[in-house]
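Residue-level structure breakdown
Next come the chains, spelled out residue by residue.
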Amino acid sequence: MASEHESTTAGSEPELSDGLKTFGAVIKALREAAGLTQEEFAPRVQYSPAYIAKIEQGKRYPPENLPERAAEALGPVAGKVLGAAAQSLRRKAGLASWFLQWAGIEEEAITLYAYECRGVPGLLQPEDYIRAVFERQLPPLTETQIQRQVSARLERQRLLAQRPNTAFSFIIEQGILERQVGGADVTAVVIDHLLSVGLYTNVEVQIMPLKQEDHTGIDGQMYLAESQGNQWFGYTEGHRSSALLTAPSEVSILLQRYGKLRSQALDCRATVNLLQQMRGAL
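Just so it is clear, the structure is predicted and the values come from calculations on it, not from any experiment.

Take the overall build of the chain next. When its secondary structure is counted, the chain shows 14 helices and six strands. Relative to its length of 282 residues, the chain is compact, with a C-alpha radius of gyration of 20 Å against a globular reference of 19 Å. For the C-alpha atoms alone, the extent of the chain along its principal axes is close to 65 × 40 × 30 Å. Put simply, the chain has 282 residues, and 48% of those count as buried.

If you walk through the whole model with that rule in mind, you get six aromatic pairs. Taken together, a centroid distance of 5.3 Å and an interplanar angle of 70 degrees make the contact between tyrosine 47 and tyrosine 51 edge-to-face. Each member of the pair, tyrosine 47 together with tyrosine 51, is buried. Here the aromatic rings of phenylalanine 168 and phenylalanine 170 are separated by 6.3 Å at their centres, their planes lie at 0 degrees, and the arrangement is stacked. Across the pair, phenylalanine 170 and phenylalanine 168 agree in class, each one buried.

Let us look at the packing of helix H12 (residues 184–197) against helix H14 (residues 268–281). Axis separation between H12 and H14 bottoms out at 10 Å; the angle between their running directions is 155 degrees. The angle between H12 and H14 places the two elements in the roughly antiparallel class. Considering the relative orientation of H12 and H14, their crossing is left-handed. Between H12 and H14, the residues in contact are Ala188, Ile191, Asp192, Leu194 and Leu195 and Val272, Leu275, Gln276, Met278 and Arg279, respectively. Looking at the contact of H12 with H14, its residues break down into seven nonpolar, one polar and two charged.

With that settled, consider the nonpolar core. Trp102, Leu124, Phe170 and Leu177 are the most contacted members of the largest nonpolar core, which totals 35 residues. No other element matches the five residues that H12 contributes to this core. In this structure leucine 177 touches Val120, Thr187, Val190, Ile191, Leu194, Ile207, Leu275 and Met278, once residues within four positions along its chain are discounted. In this structure, Phe41, Tyr47, Ala70 and Leu100 belong to the second largest nonpolar core, which totals 21 residues.

For the rest of this paragraph, the subject is helix H4 (residues 49–56). Counting buried residues in H4 gives six out of eight residues, a clear majority hidden from the surface. Residues of H4 that are buried: Tyr51, Ile52, Ala53, Lys54, Ile55 and Glu56. Phi turns positive one or two residues past the end of H4, at glycine 58, with a value near 75 degrees.

On to the confidence of the model for the chain, then. Averaged over all residues, the pLDDT of the chain equals 89, while 91% of them reach at least 70. Considering only residues more than four positions removed or in separate chains, one finds that residues 3–15, a stretch of pLDDT under 50, has 39 contacts.

Let us now look at the sheet that holds strand S4 (residues 222–226). Within the open sheet, the six strands sit side by side as S3-S2-S1-S4-S5-S6. Their pairing is mixed. Whereas interior strands pair on both sides, the edge strands pair on one side only; in this sheet they are strand S3 (203–208) and strand S6 (241–245). Averaged over all pairs of adjacent strands, the angle between their axes in this sheet comes to 10 degrees, without regard to strand direction. For strand S5 (residues 232–238) and S6, the ladder comprises five bridges, and the chain directions are antiparallel. Residue pairing for S6: glycine 238 is matched across the bridge by serine 241.

What counts, and at which threshold
Residues numbered from 1 in each chain as written. Predicted model: local features only at pLDDT ≥ 70, side-chain atom pairs only at ≥ 80, totals over all residues. Heavy atoms only, no water. Helix = DSSP H or I, 4+ residues; strand = E, 2+ residues; numbered from the N terminus. Rg over C-alpha atoms; globule rule 2.2 N^0.38 Å. Buried < 20%, exposed > 50% of the residue type's maximum accessible area, 1.4 Å probe, protein only. Phe/Tyr/Trp six-rings, centres within 6.5 Å; stacked < 30°, edge-to-face > 60°. Axes fitted to C-alpha atoms, helices over the stretch in contact; angles between N-to-C directions. Parallel < 35°, antiparallel > 145°, perpendicular 65-115°, else oblique. Left-handed = near helix turned anticlockwise from the far one by under 90°. Contact = heavy atoms within 4.5 Å. Nonpolar A, V, L, I, M, F, W, Y, C, P; charged D, E, K, R; others polar. Core = buried A, V, L, I, M, F, W, Y, C linked by side-chain atoms within 4.5 Å. pLDDT = per-residue confidence, 0-100. Pairing = 2+ DSSP bridges.

As structure tokens, then:
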């Protein structure tokens, strides 16, 4: 999450993975040739050092404007080289690329919205729930693969603490918790975690009640992020498919829907009361 694509795409596109590693090696070589460290290069292209490090390691899909920004920092020739490498990478893009692009946007976002009707949002999943989700994956995963996915998801969750100036908003369907994936004990851990994270000043958690006649989320889950340049992106997922939405007209529709969903869900105080009631009933 956003949900399961870290596992369903893992290892499914070796060509893309190799391409990302190659792009990362190219940008690293150009940066080092310019005599810049990651800490020196990152602010010149307006990204964090940690994000640049992941791009160089082939763990993140490069943003579309990276070659242009790199040209200002490394010179026009370097910009052209990276532009050509990025264009080649996009031609190979498939299922995995969408999530990798979104993961990068997610890391740098100043505002992040999430509506989930399938499972607890990935950024809010405690370890027990993560393991329960991946243990039920089909085709089955090995214990090594499960542990790798658990570690990767827990790493992503550091965003909540590392970006205190990012506004996070989560709307979660009550039915997700009522389903009790992993059993009552796991659900209790999930609820406790939601109550804990909801105390963060930059995190808002709302539950959508089981009964809501005016529900606007009939088309399914959605994720929205605002970049540092105040551009909005949307992200949606399906079975082994996903889409990154960049067209303002499309993203505007998701923003309208998310705004309505916020008004239809329980407010934060009512959400806490419901979660406490559900916790006591387990």
